[in-house]
Amino acid sequence: MPVVLAHGGGQTRRAWKKISTLLAGHGFCAIAIDLRGHGDSEWASNGAYDIADFASDLVAISANLDRKPALIGASLGGLAGIVAEGQISPGSFASLTLVDITPQMEASGVARVVGFMAAHAREGFASPDEAARIISEYLPHRPSRKASTGLAHYLRQRLDGRYYWHWDPAFIDGVMRRHELDGDSGDHGRSELSGAAMKLTLPVHLVRGGSSDLVSPEAVAHFRGLVPHAEYSNIADATHMVVGDQNDIFGEAIVDFLIRTHGQGA
């Protein structure tokens, strides 16, 4: 059975490397993608980086597979999954796993993520080690380390000699512009996302990082009210970056759900 893996904003398909291997070991066909404007996917020349744009891409990918896939979406990938299945094209996926994302997001957590992404989007870094230091400051709960081979897949060196994130700066520009237009008291798309979530009838699995600053226990309760049939896993000692923080425990949780829902390597 195909399992499409959609990463979070600012990441690439490399975020799923260990999970893809785990899924393959259980007989699933893991398909890790680079979302538009990220990794090796093309940048949208018209700046089309709304959630609906990412969602339409997921629908198109599903339609080109031999059978309906299970979708695992982290953060941005999860939001796109909610809109794809609940609004644009119901029935596109066999199941939906949401990794630390719900329609109700903590404003402070969103601001921290967006601030980190925007801070060096255009000026880049003098070296991979500088990028590694900035990441360590953003993720203080993880051991500090110098630039690794894996980090190289998230950076591009340009002719000016500096290193830049492997995604289109126009993506985060659009996010910031929409938040500014909405203002502090704005809806920020929560109503639309909640409406899409209410229409989800496929098997759903919400996975939260136990220490997430983006998805609160109240947000989980709100989501479970919208989608009463959804299963829920809380991964202790994990932040919003669940996959990177607790990869093994996260892997066990999603494989258990997929096998119970679809069968071993269905």
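Up top you'll find the structure we're talking about.
Because the structure is predicted, anything quoted here is derived from the model rather than measured.

Re helix α7 (residues 190-198)
Those residues of α7 that sit buried are Arg190, Leu193, Ser194, Ala196 and Ala197. On an axial view of α7, the arc spanned by its buried residues comes to 160°, and they lie on one face. Of the surrounding elements, those touching the buried residues of α7 are α3 (76-88) and α8 (217-226).

What to know about the packing of aromatic side chains
Under the criterion given, the structure shown has 7 aromatic pairs. Summarising the aromatic geometry, the rings of Phe54 and Phe171 are spaced 5.8 Å apart at their centres and angled 85° between planes, so their arrangement reads as edge-to-face. In this pair, Phe54 sits in helix α2 (residues 51-63) while Phe171 sits in helix α6 (residues 169-182), placing the two residues 117 residues apart along the sequence. Each member of the pair Phe54 and Phe171 is classed as buried. Aromatic side chains Trp167 and Phe171 sit 6.4 Å apart centroid to centroid with 90° between the ring planes, which places their arrangement in the edge-to-face category. Given the relative accessible area of 3%, Trp167 is considered buried. The structure contains a cluster of three or more aromatic residues connected by ring pairs, namely Tyr49, Phe54, Trp167 and Phe171. Seen from the ring of Tyr164, Arg158 lies directly overhead, with NZ or CZ sitting 3.9 Å from the centre.

How each quantity is defined
- Residues numbered from 1 in each chain as written.
- Predicted model: local features only at pLDDT ≥ 70, side-chain atom pairs only at ≥ 80, totals over all residues.
- Heavy atoms only, no water.
- Buried < 20%, exposed > 50% of the residue type's maximum accessible area, 1.4 Å probe, protein only.
- Helix = DSSP H or I, 4+ residues; strand = E, 2+ residues; numbered from the N terminus.
- Arc of directions from axis to C-beta.
- Contact = heavy atoms within 4.5 Å.
- Phe/Tyr/Trp six-rings, centres within 6.5 Å; stacked < 30°, edge-to-face > 60°.
- Lys NZ or Arg CZ within 6 Å of the ring centre and 35° of its normal.

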